[in-house]
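Survey of secondary and tertiary structure
Letter by letter, the chains look like this.
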Amino acid sequence: MSIRIDAKKCVRCGKCLDVCPGDLISMGIDGSRILRPEDCWGCASCLKECAFGAISFFLGKDIGGDDTYMQVKKDGRCLHWIFYDSSGQVRTITVDQSSSNKY
Amino acid sequence: MKTERLKTDILIIGGGTAGCFAALTVARKSPQTRVIIAEKANIRRSGCLAAGVNALNAYITKGKTPEYYVDYAVRDAHGIADRKLLLTMSEQLNEVTAELERLGLVILKDENGEYVSRGDRNIKINGENIKPILSDAVQNLPNVTVINRLNIIDYITNGNRVIGAYGNRTDDEALVFISAGATIIATGGAAGIYKPNHPGFSRHKMWYCPFNTGAGYAMGIRAGAEMTTFEMRFIALRCKDTIAPTGTLAQGVGARQVNSLGEVYEDKYGLTTSQRIWGTTAENKAGRGPCCLATKGITSEQAEDLERAYLNMAPSQTLRWVAQKKSADKENVEIEGTEPYIVGGHTASGYFVDVNRKTTLESLFAAGDVAGGCPQKYVTGALAEGKIAALSAVESLDGAEAADISDEFVSVARAEAEGFLKNRGGITPDELEEHMQEVMDRYAGGIGSDYAFTDESLDIAREKIEELILRVSGAVCRDMREFTRLHEVKERLTVCLTLIAHLKARKETRWHCFAENRSYPDKDDENFLKFVNSRYESGEIKILYRPLEEMNV
Ligand SMILES: Cc1cc2nc3c(=O)[nH]c(=O)nc-3n(C[C@H](O)[C@H](O)[C@H](O)COP(=O)(O)OP(=O)(O)OC[C@H]3O[C@@H](n4cnc5c(N)ncnc54)[C@H](O)[C@@H]3O)c2cc1C
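In this text, all values refer to a predicted model and were calculated from it rather than measured experimentally. (Residues numbered from 1 in each chain as written. Chains lettered and ligands numbered in written order. Predicted model: local features only at pLDDT ≥ 70, side-chain atom pairs only at ≥ 80, totals over all residues. Heavy atoms only, no water.)

The subject of this paragraph is unusual backbone geometry. All names here are of chain B. Note that the residue after Gly289, namely Pro290, is joined by a cis bond; omega there is -5 degrees. Here Pro290 is to be found in the loop between helix 9 (273-285) and strand 14 (292-293). With phi around 70 degrees, Asp241 is a residue other than glycine that occupies positive phi space. Turning to its location among the elements, Asp241 is positioned in the loop between strand 12 (237-239) and helix 7 (247-252). The phi angle at Cys513 is positive, at roughly 65 degrees, despite the residue not being glycine. Look at Cys513 and you get buried, because its relative accessible area is 1%. (Helix = DSSP H or I, 4+ residues; strand = E, 2+ residues; numbered from the N terminus. Buried < 20%, exposed > 50% of the residue type's maximum accessible area, 1.4 Å probe, protein only.)

Set out below in structure tokens:
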């Protein structure tokens, strides 16, 4: 369970640094980076904050993760969770933040 | 190393659920009172609420009373809880919920404008952004200063009085000393004490917040505060691998616990929190695993709603369904028990406090998962305690300036920190932590020993943890982040010793799994319907047995 940050997409806004509950992200010369990927809790706060799709979230291989990962696009009240695998985009699940969980 | 000294009226350590609400309460009640929140990460998403929460688990639903909630919590704790603490918390639950809604939390309502409940005690929300909501409310308060990335290491005391605290700030590598008229400790519980479900790359894929490392407990223990009920560990029943919560499945879509033969086994063991874990552990041990929550047969629409609900609190579970091209309507969800945590918001471990949430140390108040005696707090209970502690802290101020911190204290603390930062060789904090987790797993009832221990195994655990404590001062520490890591391990080791002493002192098995004492396998109401408390005194952990509710009669 962890995240990857794509330096090519990072615009160095630093927003992800301020939402990591473990203070695990720092700003390098070519973008933000996660210092200790194995320390990530998997809360996904950083990907919700990244408006440039630079951060992706994956499951560690030790808990059965494969190449599938997800990113988040924010659009007003909605969070679009976009899932990719090695063949490209596979699914999108949209959650409207103004409506409550059913369960 | 740089040092900085600050003064405030009220210092709040930990800007999580309870800490943020405490700040908000002070600002409302007494706007001229100055507050500092010292937070090791950034209050925007720090602590248990980072990913969001599923529901508000503690609420007095229509037709129910605070006393009803108290009875439930006492029953679930098999008698070991403080009714007055529970009552004072329960009386606040609905008010703090209304406040959360005013701040912007989305709560589901029916056509009559009433909250929609899930079972008898929960209400349905969209809890994804609950922490940003709290943090926004706090950021706007004029007399509240938030210091992010300040990891508090220890209290500053004068005799039995807490006069402030100090810690290390990663941003500018400074040691910061804060003196305060009153201090509220709100650092949450302790994770990472036992070997986790997945000790490899995904070691932090645990249920409880891995960054809550028991700092508040450790500081209190060192300063001689009385602690209660550490032996009532919390073990969560979670979705296998992703360790995502299961309440959404059990209470949300009514999924029941079944073994590999398809038998519903939950009725056989009972439905208290500890019995649910016990049932699953026992079924696995009897060769009837894997155990699952039976979701097969729910509608596909329900399965999709579950995917969305998990994205709002534990997104890895949804990723797992998508990656494996599976869904809850087609396949049952396998469950497992987590490693044990110390967390006073679920069980009753923590500071021994009175109804005002005052600890046994002067000028120190405790709220949320760090405070003991009052289980089943959850989010709203943590807010309620934050509020109560804040009101008591304001009340306790006598109008005088906070005491000055002596030059001597500052220079001793600085020399100690600089000493650590010179260590270039030796055991690493990671290695120390792994070793500690192994010891606790094997000798103090971790996953690897089916949560069980004996008098003898606890003695071995104590001896080995004491050895590890001696190695802390020689561990490598190359920069400020490693300095924090090392202190986190040190805190956990301190918690381990107190925990072991408590496990040893409750010579019965009242809660299966939570405290599975093979030397005393039965419940013993005659001798143990009481609190096991402890106080660290001249290098020894002294056990004190207290009648239930002694502090509040
Ligand atoms: C994954 C998960 C899901 C949950 N889901 C629900 C739910 O659906 N419904 C519900 O009602 N309850 C839920 N709970 C329980 C509830 O979230 C907690 O009981 C509650 O939030 C605890 O509040 P707290 O203030 O004690 O701790 P936290 O909110 O965790 O705050 C502790 C704070 O202290 C900071 N800190 C720690 N150490 C230091 C230090 N040394 N120096 C400075 N700062 C420090 C931390 O960074 C953190 O910000 C859940 C808990 C977890 C872990």
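So, on to the domain arrangement of chain B. Residues and elements named next belong to chain B. Here chain B is described as being made up of domain 1 (2-50 + 134-188 + 343-407), domain 2 (237-337) and domain 3 (410-532). The centre of domain 2, based on its C-alpha atoms, is set 31 Å off from the matching centre of domain 3. Contacts between domain 2 and domain 3 engage seven residues on the former and eight residues on the latter. Where domain 2 abuts domain 3, roughly 670 Å² becomes buried across the two surfaces, and 70% of that area is made up of carbon and sulfur atoms. Counting the surface domain 2 buries against domain 3, the share from its top three residues, Ser274, Trp278 and Thr281, is 59%. (Domains from an automatic or database assignment. Contact = heavy atoms within 4.5 Å. Buried area = accessible area lost by both parts, 1.4 Å probe.)

Now for helix 1 (residues 17-29) of chain B. All names here are of chain B. For helix 1, which comprises 13 residues, the first-to-last C-alpha distance of 18 Å matches the rise-based estimate of 18 Å (1.5 Å per residue) to within 8%. The buried fraction of helix 1 is high, at eleven of 13 residues. Those residues of helix 1 not exposed but buried are Thr17, Ala18, Gly19, Cys20, Phe21, Ala22, Ala23, Leu24, Thr25, Val26 and Ala27. (Expected span 1.5 Å × (residues − 1).)

Further remarks concern the sheet that holds strand 13 (residues 257-258) of chain B. Residue and element names in this part refer to chain B. Pairing within the open sheet is antiparallel, and its four strands lie in the order 12-15-14-13. Every interior strand has two partners, whereas the edge strands, strand 12 and strand 13, have only one. Pairing geometry for strand 13 and strand 14, over two bridges, is antiparallel. Its bridge partner being in strand 14, Val258 is matched across the sheet by Cys292. (Pairing = 2+ DSSP bridges.)

Let us now look at the pattern of salt bridges. Summed over the entire model, instances satisfying the criterion amount to 62 salt bridges over all chains. For B:Lys387, the salt bridge identified is with B:Glu95, shortest N-O distance 2.9 Å. With B:Lys387 in helix 12 (residues 378-396) and B:Glu95 in helix 4 (residues 93-103), this pair connects stretches of sequence that are 292 residues apart. Classification of B:Lys387 by relative accessible area gives buried; the value is 16%. With a relative accessible area of 49%, B:Glu95 lands in the partly exposed category. The salt bridge partner of B:Arg485 is B:Glu488, with a shortest N-O separation of 3.7 Å. Taken together, the residues B:Arg485 and B:Glu488, both in helix 16 (residues 480-505) and three residues apart, mark about one turn of the helix. The exposure class of B:Glu488 is buried, given its relative accessible area of 9%. Counted as one network, the salt bridges with shared partners bring together A:Arg36, A:Asp39, B:Lys40, B:Arg203, B:Asp430, B:Glu433, B:Arg485, B:Glu488 and B:Arg492. (Salt bridge = Lys/Arg side-chain N within 4 Å of Asp/Glu carboxyl O.)

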